[in-house]
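Structure assessment
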Amino acid sequence: MSCRTAAPAALLLVLTACATGPSLETRGEVTAPPGDSRHLTVGSAGFTESDLLAQMYAQLLGQAGYRTSLITVANRELYEPALESGQIDVVPEYAATFADWLNAKTNGPDAPPAGSPDLATTMRALRRLATPRGLTVLDPGKAVDQNAFAVTAAYARRHHLKTLSDLGASGLGVRLAAGDECVQRPYCEPGLRKVYGIDITGVDPKGVGTTQAKRAVQNGQDQMVLTTTTDATLDQFGLVLLADDRHLQNADYVVPAVNRARAGGERVTAALGKLNDVLTTADLAAMNQQVDSWRRLASDVARTYLKDKGLLK
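1. Some words on the packing of aromatic side chains
What the rule picks out here adds up to one aromatic pair. Taking the centre distance of 6.4 Å and the plane angle of 25 degrees together, the rings of Phe47 and Tyr94 count as stacked. Here Phe47 is found in the loop between β1 (39–44) and α2 (48–63), whereas its partner Tyr94 is found in strand β3 (residues 90–94), with 47 residues between them in sequence. Exposure remark for Tyr94: the relative accessible area of 8% places this residue in the buried category. Over the ring of Tyr66 we find Arg38, and its NZ or CZ is 5.6 Å from the ring centre.

2. A word on the environment of Pro140
Tracing the chain through its elements places Pro140 in the loop between β4 (135–137) and β5 (147–152). Taking the C-alpha atoms as reference points, Pro140 and Val254, separated by 114 residues in sequence, lie 5.9 Å from one another. Apart from the residues within four sequence positions on either side, Pro140 is in contact with Leu119, Met123, Tyr253, Val254, Val255 and Asn276.

3. Re the nonpolar core
Counting 34 residues, the largest nonpolar core has Met56, Leu61, Leu275 and Leu279 as its most contacted members. Broken down by secondary-structure element, the contributors of at least two residues to this core are β1, α2, β3, β10 (254–259), α11 (266–273), α12 (281–292) and α13 (298–308). At eight residues, the largest contribution of residues to this core is made by α2. Residue contacts for Leu275: discarding those within four places in its chain leaves Met56, Tyr57, Leu60, Tyr305, Leu306 and Leu311. The next biggest cluster of nonpolar side chains, apart from the first, holds 23 residues, and it includes Val91, Ala125, Leu129 and Leu135.

4. Overview of the side chain of Glu93
Checked against the element boundaries, Glu93 lands in strand β3. Owing to a relative accessible area of 0%, Glu93 belongs among the buried residues under this scheme. Polar contacts involving the side chain of Glu93 include one to the side chain of Arg76, which spans 2.8 Å. At 2.5 Å, the side chain of Glu93 forms a polar contact with the side chain of Tyr79. Apart from residues lying up to four places away in sequence, Glu93 is in contact with Arg76, Tyr79, Phe98, Tyr253, Val254, Val255 and Ala257.

5. A few points about unusual backbone geometry
Excluding glycine, most residues fall at negative phi; most peptide bonds, likewise, are trans. Despite not being glycine, His160 shows a phi value in the positive range, around 60 degrees. With respect to the helices and strands, His160 occurs in the loop between α6 (153–159) and α7 (164–170). Of note in this structure, Arg295 is not a glycine but carries a positive phi near 60 degrees.

6. What to know about the pairing of β10
Within β10, six of the six residues are buried, which leaves the element mostly enclosed by the surrounding structure. Of the two faces of β10, the one lined by Val254, Pro256 and Val258 and the one lined by Val255, Ala257 and Asn259 are each fully buried. Both β3 and β10 contribute to a ladder of five bridges, which runs antiparallel. Paired with Tyr94 across the strands is Val254, a residue of β10. Of the strand pairs in this sheet, β4 and β10 are connected by three bridges, and their pairing is antiparallel. Looking across to β10, one finds that Thr136 is bridged to Val258.

What counts and how
Residues numbered from 1 in each chain as written. Predicted model: local features only at pLDDT ≥ 70, side-chain atom pairs only at ≥ 80, totals over all residues. Heavy atoms only, no water. Phe/Tyr/Trp six-rings, centres within 6.5 Å; stacked < 30°, edge-to-face > 60°. Helix = DSSP H or I, 4+ residues; strand = E, 2+ residues; numbered from the N terminus. Buried < 20%, exposed > 50% of the residue type's maximum accessible area, 1.4 Å probe, protein only. Lys NZ or Arg CZ within 6 Å of the ring centre and 35° of its normal. Contact = heavy atoms within 4.5 Å. Core = buried A, V, L, I, M, F, W, Y, C linked by side-chain atoms within 4.5 Å. Polar contact = N/O pair within 3.5 Å; in protein donor to acceptor, adjacent residues only side chain to side chain. Pairing = 2+ DSSP bridges.

And the structure:
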């Protein structure tokens, strides 16, 4: 059985064996003209937001006349090579994270970061890394899923906080609920100290945006939590985000990544580009909430959203 003709149900079983990217013999083919295959496989990374984006991609492509299949491969170490080899044709990605991942794969784990807080710089680096691998990264829209920091609404009101700069200027000692790696990651404790002057008194290792971490801030055990800009549950814990006004976080805008030989044509670009005009960070957060809190199916939430925006008949 060839890797390309594997049925969607069986595709996951052969990814490890087949998804190795262009071989030495076929590496030159990555510069072939953009293709326009009639049947496209859309990949998801297996978490709610990725499922929602993959569903929207598949539904928009279906309306544009393509037959689509969906597959979930939660490990980027598997789905990215599958994207290179053409087993997966389209996958939702995040600009800065994907740039850094491809950079490490190309230049080694100690290579300087390719992603940055500046979107244009990040996209140039990302496309430079993706093109030799036979991948095309389409334009980003408005939606971004970045690391973010939240405090209780009451804490923000009491200390007149709207931004991370406000928190730094306040001189308040802050115990931060986050992942173990926060003490070393430049976007977390070191960055909060260096960029904002925030007095981090300690890191409470409760994970990124977990229920446990948010409850620790809600009950006053900690003062701030590391989460994401599309966290759909902040209201449930009485939390609000503080704006990253000095752009500590990298530009993790949502971008479709496609296999150029199979899905690099203008029709795919046009179909997926329709999301750019409408999809916002707040929209993603609201859809995440519908799936995670209201237990709606990602496919139904995606379809309703696209119809409401006039993108799907």
